[in-house]
Amino acid sequence: AIKARRRAVPPEVRRAAGREVLNRLLVASSPLGAALSCGGPIAVYLASEDEINLDEFISAALSAGCEVVAPRWNGSAYELVRIPGLENLTPGPHGIREPPAGPAVRPEVVQAWLVPGLAFTKVGERLGYGGGWYDRLLCDAPNGVPKVGVAYDFQVMDELPTESHDVRLTDVVSCGIICA
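Notes on the structure in this doc start here. Every chain begins its residue count from 1, and numbering advances along the sequence as written. Per-residue local features are limited, in this predicted model, to residues with pLDDT of at least 70; the limit for side-chain atom pairs, both in listing and counting, is 80 or more; totals at the level of whole chains, interfaces and linings are taken over all residues. Hydrogens and waters are ignored; side-chain quantities use all the structure's heavy atoms.

Time to look at the pairing of strand 12 (residues 171-175). Along strand 12, four of the five residues are buried, which leaves the element largely enclosed by surrounding structure. Relative to strand 12, strand 10 (residues 147-152) runs parallel, the two being bridged by five bridges. Opposite Val148, over in strand 12, you have Asp171 as the bridge partner. Working definition: with a 1.4 Å probe on protein chains only, accessible area under 20% of the residue-type maximum means buried, over 50% means exposed, and in between means partly exposed. Each helix is a run of H or I in the DSSP string that is no shorter than four residues. Each strand is a run of E no shorter than two, and both are numbered from the N terminus. Any two strands with at least two DSSP-identified bridges between them are counted as paired.

Let's shift gears to empty space enclosed by the protein. The method works on a 1 Å grid over the protein atoms by themselves. A cavity is a set of points holding a 1.4 Å probe that cannot get out, a pocket is an open set with protein on both sides within 12 Å along at least five of seven lines, and residues with an atom within 4 Å of a point line them. Grid points are joined across faces, edges and corners, and a volume is the space filled by probe spheres set on the points. Here the structure, examined in full by the defined rule, presents one cavity of 30 Å³ or more. Size it by volume and the largest cavity reaches roughly 40 Å³. Taken together, Arg6, Tyr45, Glu51, Ile52, Pro116, Gly117, Tyr129, Val150, Ala151 and Gln155 form the lining of the largest cavity.

Here Gly40 lies in the loop between helix 3 (33-38) and strand 1 (42-43). Expressed as a C-alpha distance, the spacing of Gly40 and Ala112, which sit 72 residues apart in the sequence, is 7.3 Å. Note on contacts: a residue pair is in contact if any heavy atoms of the two residues lie within 4.5 Å. Setting aside residues up to four positions removed in sequence, Gly40 forms contacts with Ala35, Cys66, Glu67 and Gln111.

Our focus in this paragraph is the sheet that holds strand 8 (residues 119-121). If you walk across this open sheet you meet the three strands as 9-8-11, and the pairing is mixed. Edge positions in the sheet fall to strand 9 (126-127) and strand 11 (156-157), since each has one partner strand and no second. Here two bridges tie strand 8 to strand 11, and the two strands are oriented parallel to one another. In the sheet register, Thr121 faces strand 11, and the bridge partner there is Met157.

On to the layout of surface pockets. Each pocket or cavity is described by its volume, and for the largest pocket that value is around 730 Å³. Lining the largest pocket are 32 residues, with Arg126, Tyr129, Gly131, Trp133 and Tyr134 sitting closest to its centre. For the lining of the largest pocket, the secondary structure elements donating two or more residues are strand 5 (97-98), strand 9 and helix 5 (133-138).

Now for the sheet that holds strand 7 (residues 112-115). Two pairing modes exist for strands in a sheet, parallel and antiparallel, and in both the strands are linked by backbone hydrogen bonds. With respect to topology, seven strands assemble into an open sheet ordered 6-3-2-1-7-10-12, the strand pairing being mixed. A strand with exactly one partner marks an edge of an open sheet, and here the two such strands are strand 6 (104-105) and strand 12. Alignment of strand 1 against strand 7, held across two bridges, turns out to be parallel. Across the sheet, Ala43 pairs through a bridge with Trp113, a residue of strand 7. Along the sheet face, helix 2 (residues 11-26) touches strand 7, strand 10 and strand 12 and points at about 135° away from the line of strand 12. Note on geometry: axes are lines fitted to C-alpha atoms, helical ones only across the stretch in contact, with angles between N-to-C directions running from 0 to 180 degrees.

The set of buried Ala, Val, Leu, Ile, Met, Phe, Trp, Tyr and Cys residues whose side-chain atoms join them within 4.5 Å is what this entry labels a nonpolar core. Core analysis: the biggest nonpolar cluster contains 56 residues, and Ile42, Val44, Phe57, Trp113 and Leu114 have the highest contact counts within it. Ranked by residues supplied to this core, first place goes to helix 2 with five residues. With near-sequence residues (within four places) excluded, Leu114 lies in contact with Leu25, Leu32, Ala43, Val44, Tyr45, Leu54, Phe57, Val148 and Val150.

The next thing to look at is the pairing of strand 2 (residues 68-73). Within strand 2, five of the six residues are buried, which leaves the element mostly enclosed by the surrounding structure. For the handedness criterion, the strands are oriented away from the viewer, and a crossover whose path from the first strand over the helix to the second runs clockwise is classed as right-handed. For the crossover from strand 1 across helix 4 (residues 55-63) to strand 2, the handedness is right-handed. Taken together, the five bridges between strand 2 and strand 3 (residues 78-82) define a ladder with antiparallel strand orientation. Directly across from Val69, in strand 3, lies its bridge partner Arg82. Hairpin geometry of strand 2 and strand 3 is characterised by an intervening segment of four residues between the two adjacent antiparallel strands and by a positive phi of about 110° at Gly75.

Rendered as structure tokens:
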């Protein structure tokens with residue numbers, strides 16, 4: 001039901017949601033404020049067609065001199081690779097844009113994370129897409145580093161099924177855009 005509802009969000013509403021998320025994340029008091037001020041690196045997701053697009057946030061972070069990294073498929077797993085600019089992204093094997101090939105950035109050095117998901121709870125539980133790819137990356141993130149889920153309000157639930165390997169996020173930023 002959440003997949004169908006997210007798929008039904010019109011492109012103009014998706015763009016507005018991306019701008020709202022940008023405005024919430026760029027304020028100094030946001031969970032990412034310190035990471036932005038120190039130059040990162042900040043790990044982001046590159047949105048699928050149905051997810052909230054972070055391109056405006058990525059552009060703002062790059063313009064501010066912040067290092068931004070995103071997942072890139074290396075043939076057997078995802079690794080984090082620096083994004084030199086949005087114009088350098090190309091479709092990966094799973095249909096999601098990826099940064100160009102480059103040296104892998106260790107998850108341990110990332111100062112903050114923006115994480116996609118199908119659903120979240122207010123206490124940071126996350127339901128992904130079933131591959132465990134983000135959990136494998138996030139399990140190496142240091143304690144105390146902001147790990148922020150990005151969602152529409154309708155993706156935030158009271159509870160979700162979780163498993164022992166699921167990594168809890170520190171925050172969820174959901175947009176107040178009213179979606180059909």
